[in-house]
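# Commentary on secondary and tertiary structure
These are the residues of each chain, in order.
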Amino acid sequence: MALPFLNGATRPKDHLLSIDLGGRTTKAVQLQRKGGRYVMSRFAVLDAPANDHSPSADLLEQHLKAICQSFDTKAHSVSLAVGVQDAIVRHTEMPLMPVAALRHVLKNNSKNYLQQDLPGHVFDCWLMAGRAAAPAAEKSKVGNSTPKARVLVSGARKQLVEDMQKAVKAVGLTADHIVPGLIGPVNAFELAMPEVFARDVVALVDIGFKNTTICLLQEGELILSRVVAIGGDKITAGLAETLGISYVEAEGIKVGMPMEVQSNLEALVIPLGRELRASIDFFEHQQDKAVSQVYLSGASARSELIVQILQAELMVECKTWNPLAFVELALPPEQAAEIDQVGPQLAVAVGAAVAAF
């Protein structure tokens with residue numbers, strides 16, 4: 001699934017640098033495609049630019065230079081994943097027409113389809129097929145109305161997209177794709193667990209720094225997505241406050257020694273579980289299908305206790321998953337030793353790469 005905000009066909013490529021511009025850390029992976037295989041030769045996890053807002057072109061350029069210095073790369077193309085604070089992803093119904101025409105319609109009349117005026121934005125669309133498209137198809141049969149399509153729409157500020165392109169060009173690369181980070185885990189999950197993706201009804205939960213995303217998948221289709229304004233930062237900051245310790249100490253305890261502070265952690269994680277449960281309840285009511293599994297990614301998903309707390313609140317089996325399950329690893333020895341710990345954080349970056357190949 002690609003929603004790249006950029007017009008025009010992309011050039012064939014063998015190597016790609018994919019970057020997840022996270023709230024606290026930036027995650028980057030270097031992938032090569034060899035026929036039907038994907039090979040990862042390096043990854044990097046760096047502190048994100050210290051900025052409460054989207055970084056300027058100059059700040060982003062400096063950050064990209066730091067990332068490139070971490071790689072001995074043969075890649076000329078880069079795929080950038082944009083965080084949920086900078087990109088919207090919505091389902092809607094639109095007239096059945098080519099994607100280029102849908103983009104134009106949204107540019108001129110976003111409020112009609114997205115219930116929000118979004119001037120100065122660029123859009124991309126993904127035409128849904130099968131089950132997700134069925135309601136729109138049924139409606140279009142009534143009378144002689146224009147045929148409708150179920151469409152997944154993404155949008156981002158045009159200035160942000162142009163700043164990203166400018167920064168990428170300044171470091172000697174080409175912005176091949178700029179995609180909403182929310183779809184990254186979906187893309188990676190499709191290749192990492194193809195049978196589950198195609199057959200089951202599952203929820204993908206990615207616990208980010210400021211926000212958590214949940215994507216409800218039914219037999220290979222993204223039916224519903226939602227952003228919850230609770231992330232790892234709120235959990236860590238709450239732990240630091242209640243225990244009277246530093247943020248860094250709280251982060252280490254959250255992942256490394258969670259049983260020491262189980263009751264404190266439960267009080268902080270349960271509100272997230274309730275929000276996620278509300279999304280699952282809404283999905284199950286609308287689709288008349290039960291979610292069978294919840295798959296977790298993100299740095300906080302490394303905590304077994306957080307997974308257990310969420311499972312108790314959601315009343316659905318929760319587990320972490322490996323977004324690199326379909327990727328061959330050709331990492332330097334020091335990175336090979338770290339990859340099991342870092343892997344859950346790379347779902348967005350890996351999925352953004354898949355969109356671009």
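Up top is the structure.
Throughout this document, residue positions are counted from 1 along each chain, in the order its sequence is written. Selection of residues for local features in this predicted model requires a pLDDT of at least 70, selection of side-chain atom pairs for listing and counting requires 80 or more, and totals for whole chains, interfaces and linings are taken over all residues. Side-chain measures here rest on the full set of heavy atoms in the structure, leaving out hydrogens and waters.

In this analysis, strands are considered paired if DSSP registers two or more bridges between them. The numbering of helices and of strands both runs from the N terminus, where a helix is a DSSP run of H or I of at least 4 residues and a strand a run of E of at least 2. The strand order across the open sheet built from six strands is S8-S4-S1-S2-S3-S14, with neighbouring strands paired in mixed fashion. With partners counted over all chains shown, the strands left at the sheet margins are strand S8 (174–180) and strand S14 (327–329), one partner each. Averaged over all neighbouring strand pairs, the angle between strand axes comes to 30°, with direction disregarded. Across three bridges, strand S3 (residues 37–47) lies against S14 in parallel orientation. Among the inter-strand pairings, Tyr38 is bridged to a residue of S14, identified as Val327. Whether two residues touch is decided by their heavy atoms; if any such pair falls within 4.5 Å, the residues are in contact. Angles run from 0 to 180 degrees between N-to-C directions of axes, and those axes are lines fitted to C-alpha atoms, restricted for helices to the stretch in contact. Where helix H5 (residues 158–170) meets the sheet, its contacts fall on strand S1 (15–21), strand S4 (77–82) and S8, and the angle it forms with S8 comes to roughly 145°.

Quick look at the sheet that holds strand S7 (residues 148–157) now. One open sheet holds the three strands; their spatial order is S5-S7-S6, and the pairing between them is antiparallel. Among the strands making up the open sheet, the edge pair consists of strand S5 (87–95) and strand S6 (121–127). Adjacent strand axes in the sheet meet at a mean angle of 30°, parallel and antiparallel pairs treated alike. Two strands pair when backbone bridges link them, and S6 and S7 are joined in this way by seven bridges, in the antiparallel orientation. Opposite Val122, over in S7, you have Ala156 as the bridge partner. Along the sheet, helix H2 (residues 99–108) makes contact with S5, S6 and S7, crossing S6 at roughly 140°.

With that settled, consider the packing of helix H10 (residues 262–287) against helix H11 (residues 304–314). Direction vectors running N to C along H10 and H11 enclose 45°, while the axes themselves pass 8 Å from each other. The angle between H10 and H11 places the two elements in the oblique class. As for the relative orientation of H10 and H11, their crossing is right-handed in sense. Where H10 abuts H11, its residues Gln262, Leu265, Glu266, Val269, Ile270, Leu272, Gly273, Arg274, Leu276, Arg277 and Ile280 lie against Leu305, Ile306, Ile309, Leu310, Glu313 and Leu314. Taken together, the residues of the contact of H10 with H11 sort by class into eleven nonpolar, two polar and four charged. In this scheme, roughly parallel covers angles under 35 degrees and roughly antiparallel covers those over 145, while 65 to 115 is roughly perpendicular and the rest are oblique. Handedness of a crossing follows from how the near helix is turned relative to the far one, being left-handed for an anticlockwise turn of less than a right angle and right-handed for a clockwise one. Ten residue types, Ala, Val, Leu, Ile, Met, Phe, Trp, Tyr, Cys and Pro, are classed as nonpolar, four, Asp, Glu, Lys and Arg, as charged, and the remainder, Gly among them, as polar.

On the secondary structure map, Met259 appears in the loop between helix H9 (247–256) and H10. Think of it in three bands: with a 1.4 Å probe and only protein chains considered, a residue is buried below 20% of the maximum accessible area for its type, exposed above 50%, and partly exposed in between. For Met259, a relative accessible area of 53% corresponds to the exposed category.

In contact at an axis separation of 7 Å, helix H6 (residues 184–192) and helix H14 (residues 347–356) are set at 75° when each is read in the N-to-C sense. Our classification of the angle between H6 and H14 gives roughly perpendicular. In contact with Gly184, Pro185, Asn187, Ala188 and Leu191 of H6, H14 contributes Ala347, Val348, Val350, Gly351, Ala352, Val354 and Ala355.

Looking along a regular strand, one sees the side chains alternate between the two faces of the sheet. The element S4 is largely enclosed, with a buried count of six among its six residues. Burial along S4 is two-sided: the face carrying Ser77, Ser79 and Ala81 and the face carrying Val78, Leu80 and Val82 are both buried.

So, about the packing of aromatic side chains. Between 30 and 60 degrees the pair is tilted, below 30 it is stacked and above 60 it is edge-to-face, where a pair is any two Phe, Tyr or Trp rings, Trp via its six-membered ring, whose centres lie within 6.5 Å. Tallying each qualifying case throughout the model produces four aromatic pairs. Taken together through their ring pairs, the aromatic side chains of Tyr38, Phe326 and Phe357 make up a single cluster.

So yeah, pure geometry; function would need other evidence.
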